[in-house]
Amino acid sequence: MQIKAILVGAMLASTAHPAWARDMLVSDQAQYRAAVKKAQPGDAIILADGEWRDFQIVFTGTGTAAKPITLTAQSKGKVLVTGQSNLRIGGQHLVVSGLVFKNGASPTGEVISFRRDSKTLASDTRVTEVVIDGFSKADRRAEDIWVALYGTGNRVDHSHFEGKTNSGVTLAVIRRAGDPLDNRHRIDHNYFGPRPPLGSNGGETIRIGTSEESLSASNTIVERNIFDRTSGEVEIVSVKSGGNILRENLVLEAQGAFVLRHGNGNLVERNIFLGKGVADTGGVRVINRDQTVRGNYFEGLAGTSFKSALSVMNGVPNSVINRYHQVANARIENNSVIDSARITLAAGADAERSAAPVDSKFERNLIVGAKGQDPFRAEGEIAGIAFAGNVEAKVEKPLLGVGVEQRDVILERAANGLLYPTDSALAAVGAPRDLKPVTREEVGASWYRGDPPEAAFGTGVTRPLTDGASLAQALAGAKAGDTLALAAGTYEVSAPLILRHRLTIAGVKDAKPVLRVASALADIAGGGGLRLENLAVDASSVSGEAALITVGSGAAPNYSIALDGVSVRGPGKGRVDGIVMAPGTFADDVKITNSDFAEMGVVVAATGEQEPKGWYPIERLTIADSNFARVAMVADLLRKGTDESTFGPWFAMTGSRVAGSGRDGASLRISGAQHTEIAQNNFAKSDGILVIHSVGAPETRIASNAFAATPAPRIEELAWKGPPRGQVTGNVVEARP
Ligand code: CA
């Protein structure tokens, strides 16, 4: 950059007080460092517009409440901090604004840190109108925190955080022994944008503290933020300290819940959760003492279990600090739970979590279950919760009698967009009328909107190809969303096609072109994934250990693969797998429909994550109406460990036929999935189905399948003490002759 430093203040100083605030425009890292050294209260250090690459910013100083020292952009939104960059702030009364972190990742464990080092924390410091967008480490297992709040009296407001795909909390209040613990931070008017499921613990959007210091009060306020599809894991906000307030936030289609995980005396009030029926959308989960949940509005939440609209957990007697303290003196009042699937009481009750809630009150709440069903479930003793003045829209066999009046409830949408009963007799029941949902305009940086997501399959240009054309060449010119449309004929794939965008390769109608593969078909090296349609893959001459579609390490999570109307012939049973992904990558979706596979290895080999930490490679694996003949396995999906923080994996296989297949006693092995549906399939002369449960409350249904000369399906439990869980019904098993 050619812009020279301009010391505006120097000109002003000649006519005014010598300590007049200066604006110091800097255009390179050396000028920046010099400016920080001489900055005085009231001064502003201004980064020149443009890209600042590989810039590890250290911003220190001592301002005053009236004259903070500011670090800002020449033009808000036009200063891009890219590459291996981050920001450490140490001192008092500092303000940072206007910066955009994009196209890179922090080389350390934090992107913005409210401390210079372990001795120099920030206090009374503000980060406002700052953007961190997609600034994720490429390997999702590599952990960092985007905003780490240390010290006291700090504020993060009107900022925009979106697209974190690697492990670690988006914004964390760090409370270490020896540091000030009465933090009094304020986190307000921020836009927390889409965060896809991480496929492990560590995908929280906000965390306040950790269990070690959780019995002291942080007194942090989280208010009037938007959480838009912040679906990293089961905890959207994880409160692990006391005295915090979560107030008037708007939570949109976000999987997970606000969780009062550790610490006492927190207040959750006037928040609005709108799930729109999205799976695993939840509300508030209560654990510990003296928690108040009042005046909240929950609508369209489909979550159950720990992701219920409201859940009150069972504790562990004499719990160690990092397990579950008993719920005592909870106040759950004047909430509206509308069109939502579940309210779970004594949630998680088991041999360890045997301490039921005590001295708690559940009063004046309005409950309208989804689909006319009673949302209440009790997983253990609930005599310690007193119910009074609640109203529930009539259901056939209500779980709760005393304190929950059954009556007809007619709802009407008010001017604030929320549903309230028309009957004025119910005015004192449910969420208050004066809730005012925070708007998109009120939050985030007004000058910033994220890029649209990568174009979906089939939304771009269709590029026709004829027999003999080079697919590799065609790919080089294609953009995200484009479709390569292949006429009939044979296309030689001599080296794997490298995919860097989301692309479709499809045979034109009735053409069924053949891709003849020498070593592998495709490698997903970045971007959004691959869809194959209406074509054949001839891999019969591939030799050695190989896979047809590989996902390379560092391929930007999250990607999708879809195969529809594809037939694949391999070189022989057990040889050449279908889809194999490197550890550290994550598919939102792998979907196989109307396809045929013959003479090959494992069609979906998803066992790369071998650490027992709950990592898994695919959120949803779906197989429907497909044929598998003489393959090693249809799918081998693995999630190890006993962590309870994830939604998936989900697995479904329906309407398919498997013949002459299997290896080591299984033709399909699903281990550690949270949801498994295997229905209306035919297995013949094959090894059986093995479903392995490791954690939580897995929902498994194996129904209406036929097994000819194939063993009956097996379910194994690794942790659960008791008979194997799962619904196994309507299967026809014909023993091997
Ligand atoms: Ca967690």
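Everything numeric here is computed off the predicted structure, so don't read it as measured data.

1. What about the packing of aromatic side chains?
Then, number 1: Considering all chains together, one arrives at 14 aromatic pairs under this definition.
Then, number 2: Ring geometry for phenylalanine 101 versus phenylalanine 135: centroids 5.7 Å apart, planes at 75°, classification edge-to-face. Here phenylalanine 101 is found in strand S10 (residues 99-105), whereas its partner phenylalanine 135 is found in the loop between strand S15 (131-133) and strand S16 (145-149), with 34 residues between them in sequence. As far as burial versus exposure is concerned, phenylalanine 101 and phenylalanine 135 are alike and both buried.
Then, number 3: Between phenylalanine 258 and phenylalanine 273, the ring centres sit 4.9 Å apart and the planes meet at 70°, which makes this aromatic pair edge-to-face.

2. Observations regarding the confidence of the model for the chain
Residues shown with low pLDDT carry predicted positions that ought not to be read at fine detail.
Then, number 1: Summing up the model confidence of the chain, the mean pLDDT is 94 and the portion of residues at 70 or higher is 97%.
Then, number 2: Scored below 50 in pLDDT, residues 1-18 shows 22 contacts in the model against residues more than four places distant or in partner chains.

3. Here we look at the coordination of the calcium ion
Then, number 1: All of the protein donors around the calcium ion are Asn201 (OD1), Glu204 (OE), Glu233 (OE), Glu233 (OE) and Glu235 (OE); their distances to the metal are 2.3 to 2.6 Å.
Then, number 2: All donors of the calcium ion belong to a single chain; written as a sequence motif, their spacing is N-x2-E-x28-E-x1-E. Linking asparagine 201 in the loop between strand S21 (191-192) and strand S22 (206-208) with glutamate 233 in the loop between strand S24 (226-228) and strand S25 (235-240), this pair joins segments that are 32 residues apart in sequence.
Then, number 3: Looking at asparagine 201, the relative accessible area reads 31%, which means it is partly exposed.

4. Here we look at empty space enclosed by the protein
Then, number 1: Using the criterion set out here, one finds two cavities of 30 Å³ or more in the structure.
Then, number 2: Volume-wise, the largest cavity comes out at about 70 Å³.
Then, number 3: What lines the largest cavity is simply Leu521, Leu532, Val537, Leu548, Ile549, Leu563, Val568, Gly578, Ile579, Phe597, Met600 and Val603.
Then, number 4: Among the elements of the structure, strand S53 (529-538), strand S54 (547-551), strand S55 (559-569), strand S56 (577-581) and strand S58 (596-606) are those that each provide at least two residues to the lining of the largest cavity.
Then, number 5: When residues in the lining of the largest cavity are grouped by element, the largest group, three residues, is from S58.

5. Quick word on the domain arrangement of the chain
In many reports, interface size means the accessible area that the parts give up when they come together.
Then, number 1: Along its sequence, the chain is organised into domain 1 (219-446) and domain 2 (462-606).
Then, number 2: Distance between the C-alpha centres of domain 1 and domain 2: 45 Å.

6. A look at the pairing of strand S2 (residues 23-26)
Then, number 1: Sheet analysis places S2 next to strand S3 (residues 44-47), joined by four bridges and oriented parallel. From the neighbouring strand, aspartate 23 faces S3, where its bridge partner is alanine 44.

7. Focus: the pattern of salt bridges
Any two side chains of opposite charge can pair, on the condition that their charged atoms come close.
Then, number 1: In this structure the tally under the stated criterion is 40 salt bridges.
Then, number 2: Between glutamate 248 and arginine 270 there is a salt bridge, with its nearest N and O atoms 2.9 Å apart. You can see glutamate 248 sitting in the loop between strand S26 (245-247) and strand S27 (250-252) and its partner arginine 270 sitting in the loop between strand S29 (267-269) and strand S30 (272-274), a full 22 residues away along the chain.
Then, number 3: Taking the shortest distance from any N to any O, the salt bridge between arginine 413 and glutamate 299 comes out at 2.8 Å. With a gap of 114 residues between them, arginine 413 in strand S44 (residues 411-413) and glutamate 299 in strand S33 (residues 297-299) connect regions that are remote in the sequence.
Then, number 4: Overall, glutamate 299 belongs to the buried group, its relative accessible area being 13%.
Then, number 5: By sharing partners, the salt bridges in this structure join Arg126, Arg155, Asp157, Arg186, Asp188, Glu223 and Arg247 into a single network.

8. So, the side chain of threonine 220
Then, number 1: Among the secondary structure elements, threonine 220 is positioned in the loop between S22 and strand S23 (221-223).
Then, number 2: Among the polar contacts made by the side chain of threonine 220, one reaches the side chain of serine 218 at a distance of 2.8 Å.
Then, number 3: Not counting chain neighbours up to four residues away, the residues in contact with threonine 220 comprise Val173, Asn183, Arg184, His185, Ile187, Ile208, Gly243, Asn244 and Ile245.

9. Remarks on unusual backbone geometry
Then, number 1: In this structure, proline 649 follows glycine 648 across a cis peptide bond, with omega equal to -5°.
Then, number 2: By the element assignment, proline 649 lies in the loop between strand S60 (627-638) and strand S61 (650-654).
Then, number 3: You will see that histidine 189, though not glycine, has its phi angle at about 55°, which is positive.
Then, number 4: With a phi angle near 55°, lysine 371 is a residue other than glycine that sits in the positive phi range.
Then, number 5: For lysine 371, the position within the fold is in the loop between strand S39 (366-369) and strand S40 (376-378).

Conventions and cut-offs
Residues numbered from 1 in each chain as written. Predicted model: local features only at pLDDT ≥ 70, side-chain atom pairs only at ≥ 80, totals over all residues. Heavy atoms only, no water. Phe/Tyr/Trp six-rings, centres within 6.5 Å; stacked < 30°, edge-to-face > 60°. Helix = DSSP H or I, 4+ residues; strand = E, 2+ residues; numbered from the N terminus. Buried < 20%, exposed > 50% of the residue type's maximum accessible area, 1.4 Å probe, protein only. pLDDT = per-residue confidence, 0-100. Contact = heavy atoms within 4.5 Å. Donors = N, O, S within 2.8 Å, 3.2 Å for Na, K, Ca; no water. 1 Å grid on protein atoms, 1.4 Å probe; cavity = no way out; pocket = protein on both sides within 12 Å on 5 of 7 lines; lining within 4 Å. Points joined across faces, edges and corners; volume = space filled by probe spheres on them. Domains from an automatic or database assignment. Pairing = 2+ DSSP bridges. Salt bridge = Lys/Arg side-chain N within 4 Å of Asp/Glu carboxyl O. Polar contact = N/O pair within 3.5 Å; in protein donor to acceptor, adjacent residues only side chain to side chain.

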